[in-house]
Structures are given as structure tokens and as C-alpha cells.
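Summary of the model geometry
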Amino acid sequence: FPQRINDIFYLPHGVPVVEKFRTHASGNETVIRLLFLGRMTSGKGIYDLPVISKLLAERAVKFEWLCIGNGPELEALKNAWGEQPNVKYVSPATNSEVMDLCAVQDVFVLPTKFEGSPVSLLETMSAGLVPVITKLPGGITDIVTSDIGFTPLKDDNVAFADAIEKLSKDR
């Protein structure tokens, strides 16, 4: 594909090797830091995020969200979620900036409706985050085993909240 020469990249490890790695919790933390990283579209499960938040709040789980990404439904997500002091949206310009932000989070949450092997899963795991991602056929079930993270079924927001609550209680 000579016409696409500028679109082809070689990444020797699948994802860039991170310079910053998440520090493990000391056990004294009261707030669990949740990360969504992806394109802001309904297919990525963005409208499940406010539902998961509501379930966590009902269980008195203290949490903060960092939503990294952009897309056609970002404003609709903000409207659906409403003003929340514990939800922040960012759209960094470089992968290095994204990875620096990942390194200060605890859990990668992706309630996606379709995926194969998401690059965001590999990136966040490379920074030390625990994945809570929809169980879908393909790479996800090969990558995320029960000793690494959680794979709730599609559209099972209660199971997403259960996994996050478990991680919050057992750092």
C-alpha cells in the first residue's frame, strides 16, 4: 500500500513501553480511581458509565472517573452524566500524555459492546491498571483471565459495579 506509507507504523511491543508505572496502593486509599480510555461512542459503552457510577454511589464506594478520549458523543455523555465533581474529561494530544495519566489510575473500565483486542486494554495493563472489561469473544478473553482482572457480561452494569467494589475493598 504505497499510498498509505505514512499510515503504517511499526511498534515492536504492540504498545509503547511505558515510562511511568502505576504505584500500588498502600491500603490507606479511600477513593478508587477509575479510567475510561476510548472513543466517545455508544459502541464503547460510554452510557453505561453513569449507570455504573450510580450503582457505586448507592453502595457508598468512593470513586473518581477520568475519561480520556474524544468522539461524536462526548457532549451527549456529559449531558447524560450531568455535573459530577468526581468525573473529569480529558483529550491529551500525545500517547505519552495518555500513558502518564494512566499511571495514576487504579482500574481500567471498558463496558464495550464490541471489540476484538482493544489497544487501550494493552496500554492500560502495561501501566499496571486492573481491567474490568466486557467479556467478548476474541482477544479480551485470551488477555484478561480471572487472576488479572474482571470480564463482566455485556450490558451487566451490576457486575461491573461488583468488580469495582471488590477492587475498592481489596486493594
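To be clear, the structure that these remarks concern was listed above.
This section reports on the structure supplied with the text. (Residues numbered from 1 in each chain as written. Predicted model: local features only at pLDDT ≥ 70, side-chain atom pairs only at ≥ 80, totals over all residues. Heavy atoms only, no water.)

1. Topic: the pairing of strand β1 (residues 32-37)
It is a general feature of regular strands that their side chains alternate between the two faces of the sheet. The condition is simple: We call a residue buried when its accessible area falls under 20% of the maximum for its residue type, exposed when it is over 50%, and partly exposed in between, using a 1.4 Å probe and counting protein chains only. By definition, any uninterrupted DSSP run of H or I lasting at least four residues is a helix, any uninterrupted run of E lasting at least two residues is a strand, and each is numbered from the N terminus. If DSSP finds at least two bridges between two strands, the strands pair.
Of all six residues making up β1, five are buried, and the element is well covered by its neighbours. Here β1 pairs with strand β4 (residues 107-110) via two bridges, running parallel. Looking at β4, one finds that Leu35 is bridged to Phe108.

2. So, the side chain of Thr134
Spelled out, the test is: Under this definition, polar contacts are N or O atom pairs within 3.5 Å; protein pairs additionally need one hydrogen-donor-capable and one acceptor-capable atom, and for neighbouring residues in sequence, both atoms have to be side-chain atoms. Every residue pair with non-hydrogen atoms within 4.5 Å of one another is taken to be in contact.
In this structure, Thr134 sits in the loop between β5 (130-133) and α5 (139-143). Residue class for Thr134 comes out buried when judged on its relative accessible area of 0%. Within the local environment of Thr134, its side chain forms a polar contact with the backbone oxygen of Thr112, the two atoms lying 2.9 Å apart. Once residues lying within four places of it in the same chain are set aside, the contact partners of Thr134 are Leu110, Pro111, Thr112, Ile140, Pro152, Leu153, Lys154 and Phe160.

3. Here we look at the nonpolar core
Using the following cut-off: What is meant by a nonpolar core is a set of buried Ala, Val, Leu, Ile, Met, Phe, Trp, Tyr and Cys residues, joined one to another through side-chain atoms within 4.5 Å.
The biggest cluster of nonpolar side chains holds 42 residues, and the ones touching the most others in it are Leu34, Trp65 and Val109. Apart from the residues within four sequence positions on either side, Trp65 is in contact with Leu34, Leu35, Phe36, Leu49, Ile52, Ser53, Trp81, Asn86, Val87, Lys88 and Val109.

4. A word on the sheet that holds strand β2 (residues 63-68)
Rule in force here: Note on definitions: angles span 0 to 180 degrees between N-to-C directions of axes, and those axes are lines fitted to C-alpha atoms, for helices only across the stretch in contact.
Reading across from one edge, β3-β2-β1-β4-β5 is the order of the five strands in this open sheet, with parallel pairing throughout. The sheet terminates laterally at β3 (87-90) and β5, the two strands that pair on one side only. The mean angle between the axes of side-by-side strands here comes to 25°, regardless of whether they run parallel or antiparallel. Relative to β2, β1 is paired through six bridges, and the arrangement is parallel. Its bridge partner being in β2, Ile32 is matched across the sheet by Phe63. Across the sheet, helix α6 (residues 157-169) is in contact with β1, β4 and β5; its angle to β5 comes to roughly 165°.

5. Things to note about the pattern of salt bridges
Pairing between side chains of opposite charge can happen when the charged atoms of each approach one another. Our working definition: A side-chain nitrogen of Lys or Arg and a carboxyl oxygen of Asp or Glu constitute a salt bridge if their distance falls within 4 Å.
For the structure shown, the criterion picks out 10 salt bridges. Residue Asp106 pairs with Arg33 through a salt bridge whose shortest N-O separation is 2.6 Å. In this pair, Asp106 sits in the loop between α3 (95-102) and β4 while Arg33 sits in strand β1, placing the two residues 73 residues apart along the sequence. For Arg33, a relative accessible area of 25% puts it in the partly exposed group. The partner of Asp155 in a salt bridge is Lys113, with the nearest N and O atoms 2.5 Å apart.

6. Some details on unusual backbone geometry
Notably, Ala60 is not glycine yet its phi reads approximately 65°, a positive angle. Relative to the helices and strands, Ala60 is located in the loop between α1 (48-58) and β2. Backbone geometry at Asp155 places phi at a positive 70°, although glycine is not the residue there. For Asp155, the position within the fold is in the loop between α5 and α6.

7. Section: the environment of Pro137
Examined against the element boundaries, Pro137 turns out to sit in the loop between β5 and α5. Measuring from C-alpha to C-alpha, the distance between Pro137 and Gly116 comes to 7.3 Å, with 21 residues separating the pair along the chain.

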